[in-house]
Amino acid sequence: MFSESGPDAQSGFRAAPTVASVRPGSQGAATPKPRPQPIEDSDDAPDDARSLALDRAAAWGRRAAQLAKLVKKPKGKLTAEKQATYEAQLDSAARQLVADLKLPGELYLVRWGGTRKGAGTFYTRPQLTMPTVRRTLEPLLRDDAGVVRTPEELLALKVCDPAMGSGSFLVAALRVLTASVVEALHVHDRLETVQGRVAIDCALLPEADRTLPSDHVEDRMDAVVRRAVVEHCLYGVDKDPLAVELARVALWVETLDRDLPFTFLDHKLRCGDSLVGTWLDRFRDYPLLAFSRESPDRKWKGVNHDADVWHEALKASRSEAIADQVELLSGQLRITASATSDEELKKAVDRVRRLYRELRAVPAGRPDERARIWRTRIQADAALVRVRAAFDLWCSLWFWPLDRLDAVPMPRELHAPDDAALEVVAELRDRHRFLHWELEFPDVFTEEGAGFHAVVGNPPWETQKPNSKEFFSNHDPLYRGYGKQEGLRAQKALFEEHPSTEDGWLDYVGDFKARGNYVRHAAEPFGDAKVAGHEGGDVSMVRGKAGASLHRTWRARRARYSGTSDPAHPFRHQGSADLNTYKMFLEEGHAL
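Residues numbered from 1 in each chain as written. Predicted model: local features only at pLDDT ≥ 70, side-chain atom pairs only at ≥ 80, totals over all residues. Heavy atoms only, no water.

Bringing helix 16 (residues 484-497) into the picture now. When the terminal C-alpha atoms of helix 16 are compared, their 20 Å separation across 14 residues agrees well with the 20 Å that a helix rising 1.5 Å per residue should span. Along helix 16, the residues that are buried comprise E486, G487, A490, Q491, L494 and F495. (Helix = DSSP H or I, 4+ residues; strand = E, 2+ residues; numbered from the N terminus. Expected span 1.5 Å × (residues − 1). Buried < 20%, exposed > 50% of the residue type's maximum accessible area, 1.4 Å probe, protein only.)

Have a look at this one:
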């Protein structure tokens, strides 16, 4: 697109500076020019302004055509005729590059730079999902002799896609498991025909569906088994709410039967960030390494934001948190609010598991009753709400806004945050969509070391680091075509004209730095690497042997906590390079 200044809005529809859209597939570069003077309010001003804009767009098109070498320069001696032909070809190429032109105040539509990644629109075709899932599940479906396992063993399997998108891998798992369960019913003699009806001997199928008319029994049995597989075996997570809805629809379509209503899937397919959450054996202690992240304004050379403002505030908060933790460990400070006890946790999780069993006991033909139990008794359970809030607070410490560090809870306030802190936590929870596996799927994580039998999927494969072209092209449609120095000048112009853009860029960069710090340290978040001998980070609470002693004391206190998942939580094998989502999902899938 041709533009003389960045747009003044961040939505898809924007009030235009002088903009001419470039035809797809064209190449070239743009040189930013001075912003045009305001159009006078007169009858002939629009025509004059449009004529001037057309001239500028044509000049830009000629320059772009030259830079992209769309027109060959004349060879040999330059004659007037050759020059005229060359100029005519340049004009023609310029006209082909410019598809449309918008004056200031007119609207135009651009695509947000992160649409494809942000909207969960990646899709894996069945030609890949089916063989991948079949190969993954095959060792679980048959015994050492190659005989299919019993229907009960198959329906007890737990399969998860932690980045499910529109559910293509879950649909493949549904098909593979359904075929195996139907085969098992035949192989293990679980079908008996009595007086024109077929009785199915499988306790994990709904009682009402264990007797079927003998007419078209295979089709009917297939539909019943599909629903049982969804109910007992499949779990999925995605950060995008639209993707979650699409996955629900995909499974609904696969289990569709004219004689059966839609199934209730809210408790099986959850919306959240699979990679960011905490665990039952972690959330009761303060993660000192949350303050080890780098501030985006360190040595910043901007327009409106001074350098090192947040950097110094972050250092001060880190020092305060360490001092607070030292006082707690040494007994100099006592707090009245206590952490959630193991007994309270056990009661809360056991109650939720009991409610899950009650939900599953409701016939599939009553999805409204299942929805009622889920929303009014499980999601609204007071004890679960308190535990989830504590989990969210723990995660929020890693992503706390650097301009609101005055509200960040210190160790003494971890279990009794004030209203200002809770407000920030709510914002961060909704923005980052923290997902806590042990709380979201308590029927899977039932004891220490528990988890899914298989994790399938094709998670996003991207490097997570700031991308100026992605960010600034949302503000200046031409930004992707700028060189380094042109881009820096365009950034400065945007910061001068729209100060909020500078804040937005710093927040954008800060999010990546915060996530990088979380990934590096969340597995061992307490800063005792030297004492414990792991590869996590270190925090020196006090100098010398006294500091090591405090760390050992603290570690011994934490040892009494246990969870219902693999205690070696991710992430431990990501290294110091840029974050790679595929590598992160691989490690998490192993832990789950």
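Let us now look at a negative patch on the surface. Together, E320, E413, D418, D419 and E423 line one region of the surface with negative charge. Within the secondary structure layout, D418 lies in the loop between helix 12 (382-396) and helix 13 (419-432). (Patch = residues over 30% accessible without salt bridge, like charges linked within 9 Å, V, L, I, M, F, W, Y side chains within 5 Å. Areas by Shrake-Rupley, 256 points an atom, 1.4 Å probe, with all protein chains shown as cover. Salt bridge = Lys/Arg side-chain N within 4 Å of Asp/Glu carboxyl O. Lys, Arg positive; Asp, Glu negative; His and termini not counted. Charge placed at Lys NZ, Arg CZ, Asp CG, Glu CD.)

What follows covers empty space enclosed by the protein. The rolling of a water-molecule-sized probe over the atoms marks out the regions of remaining empty space. Scanning the model with the defined rule gives three cavities of 30 Å³ or more in all. In this model, the largest cavity occupies a volume close to 80 Å³. In terms of lining, the largest cavity is formed by 15 residues, of which the most central are L275, G277, T278, W279 and Y518. Here the residues of the lining of the largest cavity sort into ten nonpolar, three polar and two charged. (1 Å grid on protein atoms, 1.4 Å probe; cavity = no way out; pocket = protein on both sides within 12 Å on 5 of 7 lines; lining within 4 Å. Points joined across faces, edges and corners; volume = space filled by probe spheres on them. Nonpolar A, V, L, I, M, F, W, Y, C, P; charged D, E, K, R; others polar.)

Time to look at the pattern of salt bridges. Close approach of charged atoms allows side chains of opposite charge to pair. Here the structure, examined in full by the defined rule, presents 30 salt bridges. Residue R62 pairs with D91 through a salt bridge whose shortest N-O separation is 2.7 Å. Pair noted here: R62 is in helix 1 (residues 45-67) and D91 is in helix 2 (residues 80-97), with a separation of 29 residues, a long-range link. The exposure class assigned to R62 is partly exposed, which follows from its relative accessible area of 22%. We note a salt bridge from D273 to R515, for which the minimum N-O separation is 2.4 Å. Of this pair, D273 sits in the loop between strand 11 (269-271) and helix 9 (309-330) while R515 is found in helix 17 (residues 499-521), placing the two residues 242 residues apart along the sequence. Each of the two residues, D273 as well as R515, counts as buried. Through salt bridges with shared partners, one network takes in E524, D528, R555, R558 and R572.

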